[in-house]
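So you can see what is in the structure, the chains are spelled out below.
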Amino acid sequence: MVYEHHISGLTLQTGDLICTTDGEGGDIVGLFWRLIGKFIPGDVDHIAIYVGPGGRSVEAGAKGKVITFDITGDTWDARSMMDQRGMFVDTLHGVAYPLEGKGLSRSSQDLIREEVARYCLEQAVLEKPYNINFLNSSTERAFYCSQLAYKAYFRQGIDLNTGVGVGRIPGTKSVILPQEIWDGSVHSRAVHLDSGGQKEVT
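In what follows, the accompanying structure is described. (Residues numbered from 1 in each chain as written. Predicted model: local features only at pLDDT ≥ 70, side-chain atom pairs only at ≥ 80, totals over all residues. Heavy atoms only, no water.)

Description of the side chain of Thr139
Okay, step 1: For Thr139, the position within the fold is in the loop between α3 (106–125) and α4 (145–154).
Okay, step 2: Within the structure, Thr139 has its side chain in polar contact with the backbone nitrogen of Arg141 (distance 3.0 Å).
Okay, step 3: Setting aside residues up to four positions removed in sequence, Thr139 forms contacts with Asn131, Gln147 and Lys151. (Helix = DSSP H or I, 4+ residues; strand = E, 2+ residues; numbered from the N terminus. Polar contact = N/O pair within 3.5 Å; in protein donor to acceptor, adjacent residues only side chain to side chain. Contact = heavy atoms within 4.5 Å.)

Structure, rendered in structure tokens:
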């Protein structure tokens with residue numbers, strides 16, 4: 001089943017990728033995660049996979065394993081989800097749509113979306129641990145956030161690894177960076193904060 005949900009004016013369908021920036025707010029927790037995010041190249045530091053129904057999503061993150069969590073409401077409010085996600089706070093950057101622009105029929109897209117969701121939910125049920133070895137993106141014994149999205153799509157014949165690696169550091173092309181997935185998705189929409197709240201910019 002393919003589900004649809006809306007956060008901060010952006011449309012999510014099963015299999016779409018929620019892209020965030022670590023940190024939110026000026027307290028110690030927000031500042032801690034903002035510091036962690038500084039070590040991750042690019043503006044996008046984290047990826048979660050929307051599966052549905054409602055706001056149900058999957059991520060590998062602060063709890064040290066793959067989990068499911070529910071987006072509360074129709075805006076991204078990391079603090080309201082801390083009980084589910086651990087002490088992790090992040091800010092919505094946008095939504096990446098890996099299937100857009102690939103010339104796939106609606107039925108093919110739906111099948112891929114369902115399989116991506118099934119794979120991610122299976123890893124959560126198995127409580128696969130967090131993968132601290134970012135160079136080993138081929139393993140399925142443990143996952144970091146963007147690696148989980150990569151593996152789910154790779155099994156469907158879609159490679160989200162553009163091979164950019166980490167800067168010019170040799171031997172890092174196997175690392176799947178959140179920013180890399182964002183940049184490689186043709187249709188992604190950034191969300192920026194202004195004085196009136198959140199607004200969508202293409």
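Observations concerning the pairing of strand β1 (residues 4–7)
Okay, step 1: Of the two faces of β1, the one holding His5 and Ile7 is buried and the one holding Glu4 and His6 is not buried anywhere.
Okay, step 2: When β1 meets strand β2 (residues 10–13), the two strands line up antiparallel, connected through four bridges. Counted as the bridge partner of His6 is Thr11 from β2.
Okay, step 3: Connecting the antiparallel pair β1 and β2 is a turn made up of two residues, with Ser8 showing a positive phi of about 50°. (Buried < 20%, exposed > 50% of the residue type's maximum accessible area, 1.4 Å probe, protein only. Pairing = 2+ DSSP bridges.)

Observations concerning the nonpolar core
Across soluble globular proteins, you tend to see nonpolar side chains buried next to one another.
Okay, step 1: With 32 residues, the main nonpolar core has Leu17, Ile49, Val58, Leu148 and Tyr153 as its most contacted residues.
Okay, step 2: Listing elements by their share of this core, those giving two or more residues are β3 (17–22), β4 (46–50), β5 (56–60), α3, α4 and α5 (178–184).
Okay, step 3: Ranked by residues supplied to this core, first place goes to α3 with seven residues.
Okay, step 4: When sequence neighbours within four positions are dropped, the list of residues in contact with Leu17 reads Ile47, Ala48, Ile49, Gly94, Val95, Ala96, Pro98, Ala149, Tyr153, Leu160 and Ile181.
Okay, step 5: Counting residues in each nonpolar core, the second largest holds 19 residues, with Leu10, Leu12, Trp33 and Met82 among its members. (Core = buried A, V, L, I, M, F, W, Y, C linked by side-chain atoms within 4.5 Å.)

Some remarks on the pattern of salt bridges
Okay, step 1: The final tally for this structure, using the stated rule, is ten salt bridges.
Okay, step 2: The residue Arg155 makes a salt bridge to Glu140 at a minimum N-O spacing of 3.3 Å. Within this pair, whereas Arg155 is found in the loop between α4 and α5, its partner Glu140 is found in the loop between α3 and α4, the two being separated by 15 residues in sequence.
Okay, step 3: Assessed through its relative accessible area of 46%, Arg155 is described here as partly exposed.
Okay, step 4: Salt bridges sharing common partners tie together Glu24, Asp27 and Arg79. (Salt bridge = Lys/Arg side-chain N within 4 Å of Asp/Glu carboxyl O.)

With respect to the side chain of Asp16
Okay, step 1: Assignment of secondary structure puts Asp16 in the loop between β2 and β3.
Okay, step 2: Looking at Asp16, the relative accessible area reads 2%, which means it is buried.
Okay, step 3: At a separation of 2.7 Å, a polar atom in the side chain of Asp16 contacts the main-chain amide nitrogen of Gln13.
Okay, step 4: If we skip the residues at most four places from it in the chain, Asp16 touches Thr11, Ala48, Ile49, Tyr50, Val95, Ala96, Tyr97, Arg113 and Tyr153.

Remarks on the pairing of strand β6 (residues 66–70)
Okay, step 1: As defined by bridge partners, β5 adjoins β6 across five bridges and the pair is classed as antiparallel. Residue pairing across strands places Val58 opposite Thr68, the latter belonging to β6.
Okay, step 2: What sits between β5 and β6 in their antiparallel hairpin is a turn of five residues, with Gly64 showing a positive phi close to 80°.

Digging into unusual backbone geometry
Okay, step 1: For the peptide bond that leads from Gly52 to Pro53, omega is -5°, which places it in the cis range.
Okay, step 2: By the secondary structure assignment, Pro53 is in the loop between β4 and β5.
Okay, step 3: If you check the backbone angles, Ser8 has positive phi at about 50° while not being a glycine.
Okay, step 4: Its place among the elements puts Ser8 in the loop between β1 and β2.
Okay, step 5: The class of Ser8 is buried, set by a relative accessible area of 11%.
Okay, step 6: One non-glycine residue with positive phi stands out, namely Glu127, at about 50°.
Okay, step 7: Looking at the secondary structure, you find Glu127 in the loop between α3 and α4.

Considering the packing of aromatic side chains
Okay, step 1: This structure, assessed with the given rule, holds seven aromatic pairs.
Okay, step 2: Plain terms: the ring middles of Tyr119 and Phe143 are 6.2 Å apart, the flat faces sit at 85° to each other, and that makes the pair edge-to-face. Linking Tyr119 in helix α3 with Phe143 in the loop between α3 and α4, this pair joins segments that are 24 residues apart in sequence. The residues Tyr119 and Phe143 share a single accessibility class, namely buried.
Okay, step 3: Here Phe134 and Tyr144 contribute two aromatic rings whose centre-to-centre distance is 4.8 Å and whose plane-to-plane angle is 75°, an arrangement assigned as edge-to-face. Note that Phe134 is positioned in the loop between α3 and α4 and Tyr144 in the loop between α3 and α4, a separation of ten residues in sequence.
Okay, step 4: Tyr144 gets classed as buried once you look at its relative accessible area, which sits at 2%.
Okay, step 5: Following the ring pairs from residue to residue traces out a cluster consisting of Phe32, Trp33 and Phe88.
Okay, step 6: The ring centre of Phe69 lies 4.9 Å from the NZ or CZ of Arg85, which sits over that ring. (Phe/Tyr/Trp six-rings, centres within 6.5 Å; stacked < 30°, edge-to-face > 60°. Lys NZ or Arg CZ within 6 Å of the ring centre and 35° of its normal.)

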